[in-house]
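Listed here are the chains, written in short residue letters.
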Amino acid sequence: MKVAVTGSTGFVGSRLVERLLAENHQVVAFTRNVSSAERVLPKSENLEIVAYSPKEAGEWQEKISGCDGVVNLAGEPIAENRWTPELKKTLLESRTLTTQNVVNAIAQANPKPSVLVNASAIGFYGTSETASFDENSASGQDFLAEVCRAWEAEANKVKESGTRLVVLRIGIVLENGGALGKMLAPFKMFAGGPIGSGKQWFSWIHREDLVSLMIRALTSDMEGVYNATAPNPVKMAELTNTLGQVMNRPSWLPVPGFALEAMLGDGAIVVLEGQQVLPKRTLESGFEYAYPTVKQALEAILK
Ligand SMILES: NC(=O)c1ccc[n+]([C@@H]2O[C@H](COP(=O)([O-])OP(=O)(O)OC[C@H]3O[C@@H](n4cnc5c(N)ncnc54)[C@H](OP(=O)(O)O)[C@@H]3O)[C@@H](O)[C@H]2O)c1
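Small disclaimer: the values here were computed from a predicted structure and weren't measured.

**Overview of the packing of helix H7 (residues 236-247) against helix H11 (residues 294-302)**
So, point 1. Close contact between H7 and H11 brings their axes to 10 Å; oriented N to C, the two are set at 40°. In terms of orientation, H7 lies oblique with respect to H11. Crossing handedness for the pair H7 and H11: right-handed. Along the contact surface, H7 presents Leu239, Thr242, Leu243, Gln245, Val246 and Met247, while H11 presents Val294, Lys295, Leu298, Glu299 and Leu302.
So, point 2. A per-class count over the contact of H7 with H11 returns seven nonpolar, two polar and two charged.

**Points about the pairing of strand E7 (residues 164-170)**
So, point 1. Counting buried positions along E7 gives seven out of seven residues, so the element sits mostly inside the fold.
So, point 2. Covered by surrounding structure in E7 are Arg164, Val166, Leu168 and Ile170 together with Leu165, Val167 and Arg169, the residues of both alternating faces.
So, point 3. Where strand E5 (residues 115-121) and E7 come together, seven bridges link them in parallel fashion. Opposite Leu116, over in E7, you have Leu165 as the bridge partner.
So, point 4. Across five bridges, the pairing between E7 and strand E11 (residues 224-228) is parallel. Across the sheet, Val166 pairs through a bridge with Gly224, a residue of E11.

**A few points about the UniProt feature "domain: DUF1731" (unreviewed entry) in the protein chain**
So, point 1. Residues annotated by UniProt as "domain: DUF1731" (unreviewed entry) correspond here to residues 255-301.
So, point 2. Counted over residues 255-301, helix gives 53% and strand 4%. Its end C-alpha atoms are 22 Å apart.

**Details of the sheet that holds E7**
Adjacent strands of a sheet pair through backbone hydrogen bonds, lying either parallel or antiparallel.
So, point 1. Here we have seven strands laid out as an open sheet, ordered E3-E2-E1-E4-E5-E7-E11, and parallel in their pairing. The open sheet is flanked by strand E3 (47-51) and E11, the only strands paired with a single partner. Strand-to-strand, the axes of this sheet are offset by a mean angle of 20°, without reference to chain direction.
So, point 2. The pairing of strand E1 (residues 2-6) with strand E4 (residues 69-72) spans four bridges and is classified as parallel. Across the sheet, residue Thr6 finds its bridge partner in E4, namely Asn72.

**Some thoughts on the UniProt feature "domain: NAD-dependent epimerase/dehydratase" (unreviewed entry) in the protein chain**
So, point 1. Per the UniProt entry, the sites bearing "domain: NAD-dependent epimerase/dehydratase" (unreviewed entry) are residues 3-227 in this numbering.
So, point 2. The span residues 3-227 shows a helical share of 35% and a strand share of 21%, and its end C-alpha atoms are spaced 22 Å apart.

**Description of the side chain of Arg95**
So, point 1. Secondary-structure assignment places Arg95 in helix H3 (residues 85-108).
So, point 2. Of the buried charged residues, Arg95 lacks a salt bridge, with Glu76 as the closest side chain of opposite charge at 7.1 Å.
So, point 3. Not counting residues within four places of it along the chain, the set of residues in contact with Arg95 comprises Ala74, Gly75, Glu76, Ile78, Val147 and Trp151.

**Digging into the nonpolar core**
So, point 1. In terms of nonpolar packing, the biggest core is built from 35 residues, with Leu16, Leu168 and Met214 touching the most fellow members.
So, point 2. A per-element tally of this core places helix H6 (residues 207-219) first, with seven residues.
So, point 3. In terms of nonpolar packing, the next biggest core, distinct from the first, is built from 25 residues, Ile172, Ile195, Leu239 and Met247 among them.

**Side note on the site of the ligand**
So, point 1. Taken together, 24 residues sit near the ligand, with Thr9, Val12, Thr31, Glu76 and Arg95 positioned nearest.
So, point 2. A distance of 2.8 Å separates an oxygen atom of the ligand from a polar atom in the side chain of Arg95.
So, point 3. Here the ligand has 890 Å² of accessible area as a free molecule, and 84% of this is covered by the chains.
So, point 4. With three residues, H3 is the largest single contributor of residues to the shell around the ligand.
So, point 5. Among the residues making up the shell around the ligand, the classes are represented as 11 nonpolar, 10 polar and three charged.

Cut-off values and rules
Residues numbered from 1 in each chain as written. Predicted model: local features only at pLDDT ≥ 70, side-chain atom pairs only at ≥ 80, totals over all residues. Heavy atoms only, no water. Axes fitted to C-alpha atoms, helices over the stretch in contact; angles between N-to-C directions. Helix = DSSP H or I, 4+ residues; strand = E, 2+ residues; numbered from the N terminus. Parallel < 35°, antiparallel > 145°, perpendicular 65-115°, else oblique. Left-handed = near helix turned anticlockwise from the far one by under 90°. Contact = heavy atoms within 4.5 Å. Nonpolar A, V, L, I, M, F, W, Y, C, P; charged D, E, K, R; others polar. Buried < 20%, exposed > 50% of the residue type's maximum accessible area, 1.4 Å probe, protein only. Pairing = 2+ DSSP bridges. UniProt positions renumbered as here; feature names shortened; annotations may be inferred. Lys, Arg positive; Asp, Glu negative; His and termini not counted. Salt bridge = Lys/Arg side-chain N within 4 Å of Asp/Glu carboxyl O. Core = buried A, V, L, I, M, F, W, Y, C linked by side-chain atoms within 4.5 Å. Near = heavy atom within 4 Å. Polar contact = N/O pair within 3.5 Å; in protein donor to acceptor, adjacent residues only side chain to side chain. Areas by Shrake-Rupley, 256 points an atom, 1.4 Å probe, with all protein chains shown as cover.

Take a look at the structure:
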């Protein structure tokens, strides 16, 4: 296959590109910064790095012609800074406008890609300590739910081109780095413990399973919305207990919410107020997880 990827230099995208290349696919990696992409992505004759301004239409869109599939991951990071009104606009538009331009590029392409795999997030459902959500559940009321709805609405327009659409509502992605990297800091200093109340849900997925699911979405007949979460979400207290066990570090010293907000900005909501998300359609599709439990995932990551 020839696969176009936006957000190709990110935590998820860079691993997806590596895995696609390792499986002998061709990759067109879109980036706003070619020199950083050249540093981050593997050297390969099957990789073409293309500069783009994702919020604007441009020549870059022609590179989508002749691709078999597109994976659209671009988006301003959620959990790095305070959500000022300007940042909120960027969080939204970096997703909606990029998706709009990708979908327009697919509409104009000849030949057209047969599939678009579009990222979304479990923030679609809002947060709750009591409810559980599957792909048929309604959307939430908060800012992240609003962003995910708008993002998915733009992706849905690709159906007018006859292109198969897979929307992945992604949980918190576990691997060295990412959200876990930031959460590990207190544990490394022997001062780890429940983050926030500990009662909030933590719906997660190992990065390798997420990338496998993306490749499967490209190559199978999957269609529609799938929760990209492991089948065993945990409460935060269970996550931090398991972290303590796997790292052989104490896990009783609570990490207050404000400490996490200092590290993650307003995006700390993702870890402080979670949601229990079950991958009902993903399991029904026959997807097999390499890391179904958080203990297996953390042991593999921290070994
Ligand atoms: N990681 C998670 O736990 C998680 C959970 C749920 C959903 N997701 C979603 O999955 C997608 C990929 O996640 P990730 O963890 O790989 O994200 P990431 O590491 O922050 O990478 C996202 C990529 O998007 C591009 N980007 C950043 N800011 C942008 C902007 N303002 N406008 C356009 N493009 C921008 C960057 O690529 P260039 O600089 O090369 O252009 C960056 O490499 C994101 O949309 C994220 O919201 C991630």
